[in-house]
Amino acid sequence: MNLHEYQGKEILSSFGVGIQRGIVAQTPEEAVEAAKQLTEQTGTSWYVVKAQVHAGGRGKGGGVKLAKNLEEVKTISDDIIGMMLVTPQTSAEGKLVSQVLIAEDVYYPGESETEEFYVSVLLNRATGKNMVMYSPEGGMDIEEVAEKTPELIFTEEIDPGTGLLPFQARKIAFNLGLSGNAFKEMTKFVMSLYKAYEKSDSAMFEINPVLKTSDNKIIAVDAKVSLDENALYRHQDYLAYRDIREEHPIEVEAKAAGLNYVALDGNVGCMVNGAGLAMGTMDLIKQAGGEPANFLDVGGTADAKRVEIAFRIILKDPNVKAILVNIFGGIVRCDRVAQGVVDAYKNMKNAINVPIIVRLQGTNAVEAKALIDAQEGLNVISAVEFQEAAEKVQEVLS
Ligand code: GDP
Ligand code: MN
């Protein structure tokens with residue numbers, strides 16, 4: 001589950017990680033109040049207005065702006081709230097901004113003495129260990145740094161038995177070119193950052209930039225935090241962080257129905273039982289020249305009710321021009337699934353307006369095919385082989 005910057009900073013702060021302080025606001029008026037409050041708390045007289053959306057690169061898209069007085073806080077917030085923010089990480093139409101973070105300006109005074117770093121914590125899947133990835137080239141596109149100067153990206157692997165050790169934190173601070181007080185501050189920052197990552201059961205922390213202020217403090221100016229959803233049950237207080245406005249509406253609905261659905265860009269809807277078979281089905285569609293519109297794992301019980309819900313969800317995507325049902329009947333008998341498909345189809349009457357290609361393999365597959373083939377007036381085509389099914393999809397599309 002992805003978080004907004006302000007939520008990520010809340011978690012960081014609760015573990016003692018230094019942050020650029022800020023207050024979130026939903027309207028320009030609230031933004032001005034937030035700025036006043038922030039001045040009371042921090043003494044700042046300049047502010048940064050930061051769009052809160054689940055996408056990085058906001059600065060590049062005009063979603064992060066400096067305000068030098070309350071009047072500017074108001075006009076800038078007015079511009080940003082309600083805008084469709086387009087960044088290198090959003091689609092072409094962008095993301096609607098519904099709230100802004102009013103943060104203290106931490107670069108002034110003495111901007112020339114500040115330094116920006118990149119620090120992230122994530123799982124190295126190759127070794128199964130967490131690692132800190134960091135670079136002295138912070139603030140900018142880390143992808144670009146990785147491409148042009150990969151030698152400036154360092155990693156530090158963490159032994160799960162001991163956790164991050166102080167000597168490792170010192171090594172990180174050293175490689176970032178720090179000395180004196182800033183060195184000490186950075187070791188503290190990294191130690192507490194790792195603790196926050198571990199204790200919050202996060203899947204990823206990306207802090208870019210981490211700032212060395214002109215008075216040698218080390219703080220998180222940005223925070224991209226992704227929580228591990230499988231561990232959310234251990235963090236009831238984080239549940240409120242979910243912002244469904246940021247999620248794909250069809251995915252939200254599928255989740256509520258207990259279906260495993262991921263929206264994609266293609267035009268072939270997929271209904272499959274089992275994640276592995278679903279991945280294989282998507283590969284085959286592509287190989288036959290098509291593009292999958294979604295990943296959908298209906299799970300083991302592909303009964304009529306579930307099949308119907310799955311059809312309804314797939315058809316909410318207007319790009320879907322055909323649906324491929326690919327079910328392996330192991331415990332669930334294929335003829336029952338076939339009956340489920342037919343019942344769902346009939347039940348939905350005119351809602352299904354695209355051809356459906358059904359491939360059922362496994363127990364009672366022959367009976368299932370006969371059942372599908374006996375249907376009249378339904379736009380359902382049966383297939384036996386996997387390849388054949390994908391080709392039939394291409395046929396109905398062309
Ligand atoms: P992102 O573009 O979505 O990654 O958003 P960031 O939170 O990283 O902000 C983008 C850029 O805005 C940063 O790299 C900074 O250079 C700049 N920025 C952020 N906070 C401040 C601030 O307090 N003062 C100034 N002058 N610039 C800031
Ligand atoms: Mn950033």
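Definitions and limits used
- Residues numbered from 1 in each chain as written.
- Chains lettered and ligands numbered in written order.
- Predicted model: local features only at pLDDT ≥ 70, side-chain atom pairs only at ≥ 80, totals over all residues.
- Heavy atoms only, no water.
- Helix = DSSP H or I, 4+ residues; strand = E, 2+ residues; numbered from the N terminus.
- Buried < 20%, exposed > 50% of the residue type's maximum accessible area, 1.4 Å probe, protein only.
- Contact = heavy atoms within 4.5 Å.
- Areas by Shrake-Rupley, 256 points an atom, 1.4 Å probe, with all protein chains shown as cover.
- Lys, Arg positive; Asp, Glu negative; His and termini not counted.
- Charge placed at Lys NZ, Arg CZ, Asp CG, Glu CD.
- Near = heavy atom within 4 Å.
- Polar contact = N/O pair within 3.5 Å; in protein donor to acceptor, adjacent residues only side chain to side chain.
- 1 Å grid on protein atoms, 1.4 Å probe; cavity = no way out; pocket = protein on both sides within 12 Å on 5 of 7 lines; lining within 4 Å.
- Sits in = over half its atoms within 2 Å of the grid points.
- Disulfide = S-S within 2.5 Å.
- Axes fitted to C-alpha atoms, helices over the stretch in contact; angles between N-to-C directions.
- Parallel < 35°, antiparallel > 145°, perpendicular 65-115°, else oblique.
- Left-handed = near helix turned anticlockwise from the far one by under 90°.
- UniProt positions renumbered as here; feature names shortened; annotations may be inferred.
- Nonpolar A, V, L, I, M, F, W, Y, C, P; charged D, E, K, R; others polar.
- Domains from an automatic or database assignment.
- Donors = N, O, S within 2.8 Å, 3.2 Å for Na, K, Ca; no water.
- Arc of directions from axis to C-beta.

Broken down by element type, the protein chain carries 12 helices and 18 strands. Along the three orthogonal principal directions, the C-alpha set of the protein chain runs to about 80 × 50 × 40 Å. Residues classed as buried in the protein chain amount to 48% of the 398 residues present. Of all intrachain contacts in the protein chain linking residues separated by at least 6 positions in sequence, the fraction that spans at least 24 positions is 67%. Summed over its atoms, the accessible surface of the protein chain is roughly 18800 Å², and 51% of this surface lies on carbon and sulfur atoms. Distance from the positive charge centre (39 side chains) to the negative charge centre (56 side chains) of the protein chain: 3 Å.

Around ligand 1 there are 18 residues in total, and Lys50, Arg58, Gly59, Asp105 and Val106 lie nearest to it. Asp105 is positioned such that a nitrogen or oxygen atom in its side chain is 2.4 Å from a nitrogen atom of ligand 1. A distance of 3.2 Å separates an oxygen atom of ligand 1 from a polar side-chain atom of Glu116. Contact with the protein chains covers 81% of the free accessible surface of ligand 1, which is 570 Å². In this structure the site holding ligand 1 corresponds to the largest pocket. Elements that contribute at least two residues to the shell around ligand 1 include exactly strand S2 (47-51) and strand S10 (202-212).

Take Asn124: it is sitting in strand S7 (residues 115-124). Overall, the relative accessible area of 17% leaves Asn124 in the buried class. Apart from residues lying up to four places away in sequence, Asn124 is in contact with Lys129, Asn130, Met131 and Glu157.

Our next topic: the environment of Pro28. Summarising the element assignment, Pro28 is placed in helix H2 (residues 28-42). For Pro28, a relative accessible area of 13% puts it in the buried group. Not counting residues up to four positions away in its chain, the partners in contact with Pro28 are Lys74, Ser77, Asp78 and Ile81.

Okay, the state of the cysteines next. Here a disulfide denotes one covalent bond, and it connects the sulfur atoms of two cysteines. Taken as a whole, this structure holds 0 disulfides when the rule is applied. Note on Cys334: no disulfide assigned, nearest cysteine sulfur contributed by Cys270 at a separation of 18 Å. Here Cys334 falls in the buried class, since its relative accessible area comes to 1%.

Relative orientation of the contacting elements helix H5 (residues 166-175) and helix H6 (residues 180-199) amounts to 125 degrees, with a least axis distance of 8 Å. Regarding the angle of H5 to H6, the classification is oblique. As for the relative orientation of H5 and H6, their crossing is right-handed in sense. The segment H5 lies against H6, with Pro166, Ala169, Arg170, Ile172, Ala173 and Phe174 engaging Phe183, Met186, Thr187, Val190 and Met191.

Let's shift gears to the UniProt feature "binding site: Mg(2+)" (unreviewed entry) in the protein chain. Here the UniProt-annotated "binding site: Mg(2+)" (unreviewed entry) positions come out as Asn208 and Asp222. Considered against the largest pocket, the annotated residues that line it turn out to be Asn208 and Asp222. Its location among the elements puts Asn208 in strand S10. At 2.6 Å, the side chain of Asn208 forms a polar contact with the backbone nitrogen of Gly139. By the secondary structure assignment, Asp222 is in the loop between strand S11 (218-220) and strand S12 (224-227). Discounting chain neighbours no more than four positions away, the residues touching Asp222 are Glu5, Lys9, Lys50, Arg58, Glu206, Ile207, Asn208 and Pro209.

Take the packing of H2 against helix H3 (residues 70-80) next. Interhelical geometry of H2 versus H3 gives an angle of 145 degrees and a closest axis separation of 8 Å. For the pair H2 and H3, the crossing hand works out as right-handed. Of H3, the residues touching H2 (which contributes Pro28, Glu29, Ala31, Val32, Ala35 and Lys36) are Leu70, Val73, Lys74, Ser77 and Asp78. Of the residues that constitute the contact of H2 with H3, the class distribution is 6 nonpolar, 1 polar and 4 charged.

Each domain of the protein chain was delimited in the assignment, giving domain 1 (1-19 + 109-245), domain 2 (21-105) and domain 3 (249-397). Centre-to-centre, using C-alpha coordinates, domain 2 lies 44 Å away from domain 3.

Protein-derived coordination of the manganese ion (ligand 2) comes from Asn208 (O) and Asp222 (OD), at a distance range of 2.2 Å. In this pair, Asn208 sits in strand S10 while Asp222 sits in the loop between S11 and S12, placing the two residues 14 residues apart along the sequence. Across this residue pair, the class does not change: Asn208 and Asp222 are buried.

Moving on: H5. What sets the pattern is the α-helix's 3.6 residues per turn: residues three or four places apart point alike. Within the sequence span of H5, burial applies to Gln168, Ala169, Ile172 and Ala173. Down the axis of H5, the buried set is contained in an arc of 140 degrees. They therefore lie on one face.

In this section: the environment of Val221. Looking at where Val221 falls in the secondary structure, it is placed in the loop between S11 and S12. Accessibility expressed as a relative area gives 5% for Val221, which makes it buried. For the pair formed by Val221 and Arg58, sequence separation is 163 residues and the distance between their alpha carbons is 13 Å.

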